[in-house]
Amino acid sequence: MKTKTHKTEQEKEKAIIVGVAFNKIGVNFENELDELSSLCYTAGLEVVASTYQNIKEQNASTLLGSGKIDEIKQLVKNFSAQVVIIDCELSGSQINNISQIVEVKVIDRSMLILDIFANRATTNEGRLQVRLAQLKYSLPRINGISNSSGRFGGGVGMRGPGETKLEMNKRVIREDILKLEKEISKLKQQRTIQKSERKKNRVKQVAIVGYTNAGKSTLMNTITKAGIYADDLLFATLDTTSRTLWLGENKKVVLVDTVGFIDKLPHAFIQAFNATLEETADADLLLHVVDISDRNYKDKIEVVNGVLKEIGADKIPMIYVYNKVDKLSRPFELPENTVPISAKTNYGIEVLKERIVEKLFE
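Residues numbered from 1 in each chain as written. Predicted model: local features only at pLDDT ≥ 70, side-chain atom pairs only at ≥ 80, totals over all residues. Heavy atoms only, no water.

## Description of the overall build of the protein chain
Right, on to step 1. When helices and strands are counted, the protein chain shows 14 helices and 11 strands.
Right, on to step 2. Residues counted as buried form 54% of the 362 residues belonging to the protein chain.
Right, on to step 3. Taking all contacts inside the protein chain whose residues are at least 6 apart in sequence as the whole, residues at least 24 apart take part in 70%.
Right, on to step 4. Only carbon and sulfur atoms are counted for the fraction: they give 46% of the accessible area of the protein chain, which is about 17200 Å². (Helix = DSSP H or I, 4+ residues; strand = E, 2+ residues; numbered from the N terminus. Buried < 20%, exposed > 50% of the residue type's maximum accessible area, 1.4 Å probe, protein only. Contact = heavy atoms within 4.5 Å. Areas by Shrake-Rupley, 256 points an atom, 1.4 Å probe, with all protein chains shown as cover.)

## Focus: the sheet that holds strand E6 (residues 204-210)
Sheet strands line up and pair through hydrogen bonds in the backbone, either parallel or antiparallel.
Right, on to step 1. Pairing in this open sheet of 6 strands is mixed, and the strands run E7-E8-E6-E9-E10-E11 from one edge to the other. Since the sheet does not close on itself, it has two edges, and those belong to strand E7 (241-246) and strand E11 (338-340), each with one partner. With direction set aside, neighbouring strand axes in the sheet form an average angle of 25°.
Right, on to step 2. In this sheet, strand E8 (residues 252-257) lies alongside E7 in antiparallel orientation, the contact comprising 6 bridges. Looking across to E8, one finds that Leu245 is bridged to Val253.
Right, on to step 3. Across the sheet, helix H10 (residues 216-224) touches E6, E7, E8 and strand E9 (285-291), and the angle it forms with E8 is around 150°. (Pairing = 2+ DSSP bridges. Axes fitted to C-alpha atoms, helices over the stretch in contact; angles between N-to-C directions.)

## Quick look at the layout of surface pockets
Right, on to step 1. Approximately 810 Å³ is the volume found for the largest pocket.
Right, on to step 2. As for the largest pocket, its lining consists of 35 residues, and the residues nearest its centre are Asn31, Glu35, Asp294, Asn296 and Lys300.
Right, on to step 3. Of all the secondary-structure elements, those providing two or more residues to the lining of the largest pocket are helix H1 (29-43), E9 and helix H13 (297-310). (1 Å grid on protein atoms, 1.4 Å probe; cavity = no way out; pocket = protein on both sides within 12 Å on 5 of 7 lines; lining within 4 Å. Points joined across faces, edges and corners; volume = space filled by probe spheres on them.)

## Some points on the side chain of Arg109
Right, on to step 1. By secondary structure assignment, the location of Arg109 is in helix H4 (residues 109-120).
Right, on to step 2. A polar side-chain atom of Arg109 sits 2.7 Å from a polar atom in the side chain of Asp87.
Right, on to step 3. A distance of 2.9 Å separates a polar side-chain atom of Arg109 from the backbone oxygen of Asp263.
Right, on to step 4. Those residues in contact with Arg109, other than ones at most four positions away along the chain, are Glu35, Leu39, Ile86, Asp87, Cys88, Ile262, Asp263 and Lys264. (Polar contact = N/O pair within 3.5 Å; in protein donor to acceptor, adjacent residues only side chain to side chain.)

Below, the structure is given as structure tokens:
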């Protein structure tokens with residue numbers, strides 16, 4: 001297996017990232033590791049080395065083979081790394097077992113994503129949902145994580161509520177989960193009232209969906225002057241934002257910017273963010289924003305459509321919005337039901353508005 005090294009620019013928590021596939025033919029580990037590296041960057045980690053393994057027979061105790069574990073241990077030593085991140089879900093015992101061998105903190109992809117959520121949620125509801133997701137994910141793994149907690153300390157993977165819950169028992173965590181679910185349920189009821197008011201007033205709802213970092217928030221800002229935070233980071237925004245958009249006389253819609261989706265999204269996230277994701281499932285129209293400059297955009301379209309199906313939003317009318325055309329250096333064919341735009345330069349925005357009007361009011 002090949003090992004790739006990365007130069008470190010500044011002192012941060014140093015990470016070794018490990019790509020994983022399960023007996024797949026033709027898997028592109030470069031793409032997989034690029035995304036995991038981007039997640040690490042968003043979380044404030046410095047990736048110093050990466051490796052991967054296509055697993056033919058799973059090792060129940062460590063998932064990876066003994067030779068790969070030894071290689072990771074050597075990489076940790078060579079680069080003085082503080083954390084190893086495995087690009088799949090691990091059980092609590094696997095986290096503990098790998099950590100015991102490599103002698104540093106070990107987290108999996110889902111823990112990394114949840115850590116990013118914990119850092120980026122700004123509203124009360126967003127923080128509640130992140131906390132619920134972390135607790136639901138940690139509950140079946142708490143023994144393994146607790147056993148290796150001496151190596152966890154703090155930092156990435158342990159921020160937010162997880163940091164204070166490590167030593168708690170399962171009964172306490174279950175009680176906290178019930179409390180959080182009740183609080184979120186109350187907020188859901190408030191949203192239901194707001195939703196019924198919109199229906200009374202016959203206001204159409206348009207939800208912006210897409211893979212993380214496709215440019216959803218930038219589009220929201222461009223089309224409504226919303227002024228919400230947007231950055232070239234995965235999960236730059238987590239909390240749902242709604243703005244009124246006027247498209248002509250008697251043509252008012254509520255535009256909703258939703259959290260970005262990503263491949264291998266933790267199921268705990270889907271469960272915890274169900275209330276927010278309902279904003280998407282209740283929409284009259286979806287704007288599926290696609291980063292057309294991404295060479296893997298077709299795969300990411302499939303990931304988003306898969307999540308939409310999981311939350312019951314796959315039957316809603318949709319416009320594919322091919323964003324970032326200003327970054328294209330290659331020609332491409334425009335499929336039906338697509339609108340090419342550059343949310344950054346304002347290209348195609350008026351055409352997109354016309355398409356929304358056609359879908360909702362004509």
